[in-house]
Amino acid sequence: MSKKIILKNGKQVTLKRIRAKDYEEVMTFLDKFSRGKGAVWTHQYPNQPKKDKEKSIQHYESDDELYLGVWNEKEIIAEGSISLKKARDPWSVLQAAFGLCILEEYTSLGLGTHILKELEKWAVKQKVHRIFATVRHNNKRALGLYLKLGYQIEGTARETAFFDNQWQHEYYLGKILSYDKEKLKPE
Ligand SMILES: CC(C)(COP(=O)(O)OP(=O)(O)OC[C@H]1O[C@@H](n2cnc3c(N)ncnc32)[C@H](O)[C@@H]1OP(=O)(O)O)[C@@H](O)C(=O)NCCC(=O)NCCS
């Protein structure tokens, strides 16, 4: 899968599934992202150790996960990922958690919208019922994006981080995906 995207500034970038061969490029991206302004909204942080190669590749190649990268020529400028949360019991529904990281200079250009829509398409194919993310309560861009795409604030975890001299709370944002649920109904 490879898709061309035109950003709001007219630049063309390419969205593709991240695979094992992309490991070093992803590490370069994460290092850059983790030193930038956007990192505080995520779990990336400056000077973090490089992620384990074998484990990373397992994630990239897993059928239960999708890692998408956006390339500007040879450089990765954004990453979006989604992972299935499967339960063994017969009544829990299939859920999926997602995350997005975009280099600061490429934010607010429509990229988050494109990536999240692709992650949702994959989730629908996997028959995911509920898709969700956690978002710090002051993360206006992320909230703007998720609310625009129909996510609802389902709850708040209080004081999960501290920066900018204040406690940061975390919202749970979720959306129920539509697909043919008739097949799931009990007889
Ligand atoms: C959050 C993030 C993924 C959003 O992606 P993006 O590409 O910047 O967002 P988009 O340009 O697609 O904009 C989507 C919507 O978000 C809102 N938005 C975007 N930029 C905004 C800003 N500066 N202020 C307020 N709302 C904003 C708007 O509602 C926008 O919709 P519109 O353009 O149709 O009006 C991206 O900014 C990012 O990676 N930030 C740093 C890391 C992060 O916060 N990750 C998410 C953790 S939950």
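Above this text is the structure in question.
Rules and cut-offs
Residues numbered from 1 in each chain as written. Predicted model: local features only at pLDDT ≥ 70, side-chain atom pairs only at ≥ 80, totals over all residues. Heavy atoms only, no water. Helix = DSSP H or I, 4+ residues; strand = E, 2+ residues; numbered from the N terminus. Rg over C-alpha atoms; globule rule 2.2 N^0.38 Å. Buried < 20%, exposed > 50% of the residue type's maximum accessible area, 1.4 Å probe, protein only. Contact = heavy atoms within 4.5 Å. Areas by Shrake-Rupley, 256 points an atom, 1.4 Å probe, with all protein chains shown as cover. Lys, Arg positive; Asp, Glu negative; His and termini not counted. Charge placed at Lys NZ, Arg CZ, Asp CG, Glu CD. Polar contact = N/O pair within 3.5 Å; in protein donor to acceptor, adjacent residues only side chain to side chain. Core = buried A, V, L, I, M, F, W, Y, C linked by side-chain atoms within 4.5 Å. Salt bridge = Lys/Arg side-chain N within 4 Å of Asp/Glu carboxyl O.

Moving on to the overall build of the chain. When you go through the chain residue by residue, the secondary structure sums to four helices and eight strands. Mapped from its N terminus to its C terminus, the chain presents α and β elements in the order β-β-α-α-β-β-β-α-β-α-β-β. Over its C-alpha atoms the chain spans a radius of gyration of 17 Å, differing by no more than 12% from the 16 Å that the globule rule assigns to 187 residues. Structurally, the chain occupies a C-alpha span of about 50 × 40 × 35 Å along its principal axes. Expressed as a percentage of the 187 residues in the chain, the buried residues total 45%. Contacts in the chain between residues at least 24 apart in sequence constitute 63% of all its contacts with a sequence separation of at least 6. With the model as given, the accessible surface of the chain reaches about 11200 Å², and the carbon-plus-sulfur share is 51%. Side-chain charges in the chain split into 33 positive and 25 negative, and the spacing between the mean points of these groups amounts to 4 Å.

Let us look at the environment of glutamate 61. Counting through the fold element by element, glutamate 61 comes out in helix α2 (residues 53-61). Sequence spacing of glutamate 61 and arginine 19 is 42 residues, and the spatial spacing of their C-alpha atoms is 6.3 Å. In this structure glutamate 61 touches Arg19 and Ala20, once residues within four positions along its chain are discounted. A distance of 3.0 Å separates the side chain of glutamate 61 from the side chain of arginine 19, its partner in a polar contact.

This paragraph deals with the nonpolar core. Judged by nonpolar contacts, the single largest core of 49 residues is most densely connected at Ile82, Phe98, Leu111, Ile115, Leu116, Leu119 and Tyr146. For this core, the elements supplying multiple residues, two or more each, are β2 (12-17), α1 (23-35), β3 (65-72), β4 (75-85), β5 (95-102), α3 (111-125), β6 (130-136) and α4 (140-148). Setting aside residues up to four positions removed in sequence, isoleucine 115 forms contacts with Leu15, Leu68, Val70, Ala78, Gly80, Leu100 and Ile102.

Let us now look at the pattern of salt bridges. Pairs may arise between side chains of opposite charge once their charged atoms sit close together. In this structure the tally under the stated criterion is 11 salt bridges. A salt bridge links lysine 3 to glutamate 118, with the shortest nitrogen-to-oxygen separation between them at 2.7 Å. Placement of the pair is lysine 3 in strand β1 (residues 2-6) and glutamate 118 in helix α3, with a sequence separation of 115 residues. Owing to a relative accessible area of 10%, glutamate 118 belongs among the buried residues under this scheme.

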